[in-house]
Amino acid sequence: MKSNVTLIGMPGVGKSTVGVILAKELGYSFIDSDLLIQSREQKLLHEIMDEVGVEGFLKIEEDVNASITAERTVIATGGSVVYGEKAMNHLKEISNVVYLKLPHDQLMHRLDDLHDRGVVLKPGQTLEDIFNERSVLYEKYADIIVDESELDIEATLHRIELELLRRYNAVL
């Protein structure tokens, strides 16, 4: 079994929240790749996007995620990480990729200001547009898919741990 777990999914599905708790439960370290990006660039995500545009941000995001080195770590990624093939291939190589899946209507209730959150939106794109575009990519790269539509945080954590045990027959 690969020694890391990477969480992917739309903004608002709880990758960072679930990731921190999962790391504690597994005795792993935790990395939030959005924080790595902000640290490297010394700016907030939306400031980076305002400065270099969507394509420039996606390049930075891909470079940062493709350079992560870790052992026994839970990695929470930004929702747009799946646009970077180099980053996703790297993350799949070093970790078990878990897609936290939530229906569009439930996402709408969780998300407020997409710009301040640093959500990658091309001009004219809506949340539904990126949901439809990214869902295919999340499923393509996922080793495990956890449908959170009826789950709270505890149930999501339990489902991830169960799937890791079931698939890799390992004691975490």
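Notes on the structure in this doc start here. This one's a predicted model, so the numbers in the text were calculated from it and none came from an experiment.

### Re the overall build of the protein
Consideration 1: Scanning the protein from terminus to terminus reveals eight helices and five strands.
Consideration 2: Along the chain direction, N to C, the helices and strands of the protein fall in the order β-α-β-α-α-β-α-β-α-α-α-β-α.
Consideration 3: On C-alpha atoms alone, the protein measures out to a radius of gyration of 15 Å, which is about the 16 Å that the 2.2 N^0.38 rule sets for 172 residues.
Consideration 4: In terms of its C-alpha atoms, the protein occupies a principal-axis envelope of roughly 45 × 35 × 25 Å.
Consideration 5: Looking at the protein as a whole, 51% of its 172 residues are labelled buried.
Consideration 6: Long-range contacts, defined here as pairs at least 24 residues apart, represent 73% of the contacts in the protein between residues at least 6 apart.
Consideration 7: Per element, the accessible surface of the protein, about 8400 Å² overall, is 49% carbon and sulfur.
Consideration 8: When the 18 positive and 30 negative side-chain charges of the protein are each reduced to one mean point, those points stand 5 Å apart.

### Here's the deal with the pairing of strand 1 (residues 4-8)
Consideration 1: The element strand 1 is largely enclosed, with a buried count of five among its five residues.
Consideration 2: The two faces of strand 1 match: N4, T6 and I8 on one face and V5 and L7 on the other face are all buried.
Consideration 3: Note: strand 1 against strand 4 (residues 95-101), five bridges, orientation parallel. Along strand 4, the bridge assignment pairs L7 with V98.

### Describing the side chain of T156
Consideration 1: For T156, the location among the structural elements is in helix 8 (residues 153-168).
Consideration 2: Filtering out sequence-adjacent residues up to four positions away, T156 remains in contact with V18, L100, V146, E148 and L151.

Basis of the calculations
- Residues numbered from 1 in each chain as written.
- Predicted model: local features only at pLDDT ≥ 70, side-chain atom pairs only at ≥ 80, totals over all residues.
- Heavy atoms only, no water.
- Helix = DSSP H or I, 4+ residues; strand = E, 2+ residues; numbered from the N terminus.
- Rg over C-alpha atoms; globule rule 2.2 N^0.38 Å.
- Buried < 20%, exposed > 50% of the residue type's maximum accessible area, 1.4 Å probe, protein only.
- Contact = heavy atoms within 4.5 Å.
- Areas by Shrake-Rupley, 256 points an atom, 1.4 Å probe, with all protein chains shown as cover.
- Lys, Arg positive; Asp, Glu negative; His and termini not counted.
- Charge placed at Lys NZ, Arg CZ, Asp CG, Glu CD.
- Pairing = 2+ DSSP bridges.

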